[in-house]
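Geometric and topological summary
Read off the chains here:
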Amino acid sequence: MNEDKVELYCSYDDCRGEWQVWYPRPLGGMEVLESFTEAADAKQFMQDQIDSADYDA
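Quick summary incoming for the structure in this document. (Residues numbered from 1 in each chain as written. Predicted model: local features only at pLDDT ≥ 70, side-chain atom pairs only at ≥ 80, totals over all residues. Heavy atoms only, no water.)

Another point: helix α1 (residues 39-51). The first and last C-alpha atoms of α1 sit 18 Å apart over 13 residues, in line with the 18 Å expected at 1.5 Å per residue. Those residues of α1 that sit buried are Ala42, Phe45 and Met46. The buried residues of α1 occupy an angular sector of 100 degrees when projected down its axis, which confines them to one face. Opposite its buried face, α1 presents the exposed residues Ala40, Lys43 and Asp51, each directed more than 90 degrees away. Buried residues along α1 sit in contact with β1 (9-13), β2 (18-24) and β3 (30-36). (Helix = DSSP H or I, 4+ residues; strand = E, 2+ residues; numbered from the N terminus. Expected span 1.5 Å × (residues − 1). Buried < 20%, exposed > 50% of the residue type's maximum accessible area, 1.4 Å probe, protein only. Arc of directions from axis to C-beta. Contact = heavy atoms within 4.5 Å.)

What follows is the structure in structure tokens.
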């Protein structure tokens, strides 16, 4: 069983002009799961990821 916690974030990238849903890498940096032009779409994607997470894995 993997007990590592993963925190998801949703933030706006001014340089790219897009919303990103991402999680931090253990050794630094970030892994972007998906990018969106609309904040509502990014927040919905993030909520979908949380809702579909397998907490028993």
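After that view of the structure, there is still more to cover.
We now examine the packing of aromatic side chains. This structure, assessed with the given rule, holds three aromatic pairs. Taking the centre distance of 4.7 Å and the plane angle of 25 degrees together, the rings of Tyr9 and Trp22 count as stacked. Taken together, the residues Tyr9 in strand β1 and Trp22 in strand β2 connect sequence positions 13 residues apart. According to the relative accessible area criterion, Trp22 is buried, its value standing at 16%. On the basis of an interplanar angle of 50 degrees and a centroid distance of 5.5 Å, the ring pair of Phe36 and Phe45 is categorised as tilted. Each member of the pair, Phe36 together with Phe45, is buried. (Phe/Tyr/Trp six-rings, centres within 6.5 Å; stacked < 30°, edge-to-face > 60°.)

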